[in-house]
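Residue-level structure breakdown
Residues per chain are reported as follows:
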Amino acid sequence: QGIYLSGERLVIIASAYDVGSYRYDVRYLIPSSPIAYEGPRSYVVTYDISDAQNPIRLSSYGVSGGILTSRMTNDVVFLVTQSYSWIYGDEIATPKVWIGNMVGKMPLDKIHYDPETRETDGFLNVLSVDIRTEAHDFMSIVAGWASTVYMSQNALYITIQKWTGNIAISNDSGIVATQEDSTKTTIYRIAVEGVRMAATAKGEVAGWLLNQFSMDENGPYLRVATTTSWMDMKNSVYVLGSDLSIVGVLKGIAPGERIYSARFVGDTLYLVTFRQMDPLFVIDLSAPSSPVVLGELEMPGFSSYLQPVDKNHLLGIGRENNNVKVSLYDVTDPMKPSEVSIFVVDADYSYS
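Residues numbered from 1 in each chain as written. Predicted model: local features only at pLDDT ≥ 70, side-chain atom pairs only at ≥ 80, totals over all residues. Heavy atoms only, no water.

So, the nonpolar core
- Residues Leu124, Val126, Ile141, Leu156, Ile158, Ile190 and Met197 are the most contacted members of the largest nonpolar core, which totals 19 residues.
- Taken together, the elements giving at least two residues each to this core come down to β8 (76–84), β14 (122–130), β15 (136–143), β16 (146–151), β17 (155–163) and β20 (183–193).
- What Ile141 contacts, discounting residues up to four positions off in sequence, is His112, Gly122, Phe123, Leu124, Tyr188 and Ile190.
- In this structure, Val63, Phe123, Val129 and Ile131 belong to the second largest nonpolar core, which totals 17 residues. (Core = buried A, V, L, I, M, F, W, Y, C linked by side-chain atoms within 4.5 Å. Buried < 20%, exposed > 50% of the residue type's maximum accessible area, 1.4 Å probe, protein only. Helix = DSSP H or I, 4+ residues; strand = E, 2+ residues; numbered from the N terminus. Contact = heavy atoms within 4.5 Å.)

Structure follows, in structure tokens:
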């Protein structure tokens, strides 16, 4: 499910599954004993390809769970997985670690727990491997289901959404009461130094994140862009300190719309929201405690990916009228961004 290349080292990210076994009561075709199933496990496998015709497998490290994502910084690969907390009788199946052909349970002092997490239905596992030295480390967090992962040069940020949902109470006349849906996102900061990892901070913001580009570390700050809910959509930008406490916030951006793309570039955030038109917001983050919207541009369609071109231009890739649209934005004057060139695919329907 992933490939990394560093010089003569090739890294494969892969998952493996055990089918397990049941003993059946043949009269009713129902299990008469618990299933011997441990769920998927995921691996970082390193090869020496200095002789391309004769690749040599050097090492294999694995951890319980299916792959959420992976990252590579310098020569260290970080693999993030998720595994359910299977229960057999009175015993919880804690995560396992594989080193070559050897397997063992993850030591309990490597497993962390967030007491404020309501739904602890699994383990969030992180494996780190140096593909040159084979040094490695691992850790796990008892938590809910994770979503977005972002990595800087010295930290791994993992987010978990906590949704309370929207409850409607109705009678024969229709809905008489509702409870507003509420989503919060917990952010864990895992400091990294080589293969060593340490859970150092936890924070929380209102709303949910679109993808990894909704987060950005800049100096001691983590900047986050969220959409607050589905029922009454608004968007916010948070600036968090090194302990992930909130030091600045900008709320109420584009009511009734949600974030379709975000890109942090230095002290500037470019944000696209969408419902009918495509507003591109230019947000100044140079004062962490006081984020502010500098400029706004509206045009048809939306951009679902933003790519900096140079200090004065931004590329947007998205859609307009069910076809792929590529836009070039001039952001020389952040108070007056403009769309200087566009390309729309000429087809009945297209996507990227």
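Moving on from the model shown.
Considering the packing of aromatic side chains
- In total, this model carries seven aromatic pairs according to the counting rule given.
- On the basis of an interplanar angle of 55° and a centroid distance of 6.3 Å, the ring pair of Tyr349 and Tyr351 is categorised as tilted. Tyr351 carries the same exposure label as Tyr349, and that label is exposed.
- The structure contains a cluster of three or more aromatic residues connected by ring pairs, namely Tyr260, Phe274 and Phe302. (Phe/Tyr/Trp six-rings, centres within 6.5 Å; stacked < 30°, edge-to-face > 60°.)

Things to note about the pairing of strand β22 (residues 215–218)
- Sheet topology note: the β22/strand β23 (residues 221–227) ladder contains four bridges and is antiparallel. Within β23, the residue paired with Met215 across the bridge is Val224.
- Between β22 and β23, which pair antiparallel in sequence order, lie two residues; one of them, Gly219, sits at a positive phi of approximately 65°. (Pairing = 2+ DSSP bridges.)

Points about a nonpolar patch on the surface
- A cluster of nonpolar side chains, Tyr84, Trp86 and Trp145, forms an exposed patch at the surface whose accessible area comes to about 330 Å².
- Checked against the element boundaries, Trp86 lands in the loop between β8 and β9 (87–88). (Patch = residues over 30% accessible without salt bridge, like charges linked within 9 Å, V, L, I, M, F, W, Y side chains within 5 Å. Areas by Shrake-Rupley, 256 points an atom, 1.4 Å probe, with all protein chains shown as cover. Salt bridge = Lys/Arg side-chain N within 4 Å of Asp/Glu carboxyl O.)

Notes on unusual backbone geometry
- If you check the backbone angles, Glu134 has positive phi at about 70° while not being a glycine.
- One can find Glu134 in the loop between β14 and β15.
- Of note, the phi angle at Ala254 is positive, near 50°, even though the residue is not glycine.
- Mapped onto the fold, Ala254 is located in the loop between β25 (246–253) and β26 (258–265).
- Residue Ala254 is classed as buried on the basis of its relative accessible area, which comes to 12%.

Here we look at the sheet that holds β14
- With mixed pairing, the five strands of this open sheet are ordered in space as β7-β8-β14-β15-β13. Looking at the sheet topology across the chains shown, the edges are occupied by β7 (66–73) and β13 (111–113). Across the sheet, the mean angle from the axis of one strand to that of its neighbour is 20°, orientation sign disregarded. (Axes fitted to C-alpha atoms, helices over the stretch in contact; angles between N-to-C directions.)

Re the sheet that holds strand β2 (residues 9–16)
- Sheet architecture is open: six strands sit in the order β1-β2-β5-β6-β11-β12, paired in antiparallel fashion. A strand with exactly one partner marks an edge of an open sheet, and here the two such strands are β1 (2–6) and β12 (102–105). Neighbouring strand axes in the sheet, compared pairwise and without regard to direction, differ in orientation by 15° on average.

Some points on the pairing of β16
- With respect to burial, β16 is a largely interior element, five of its six residues being buried.
- As paired strands, β16 and β17 are joined by four bridges and run antiparallel to one another. From the neighbouring strand, Val149 faces β17, where its bridge partner is Ile158.
- Hairpin remark: β16 followed by β17, antiparallel, with three residues in the connecting loop.

No statement about biological role is implied by the geometric values presented.
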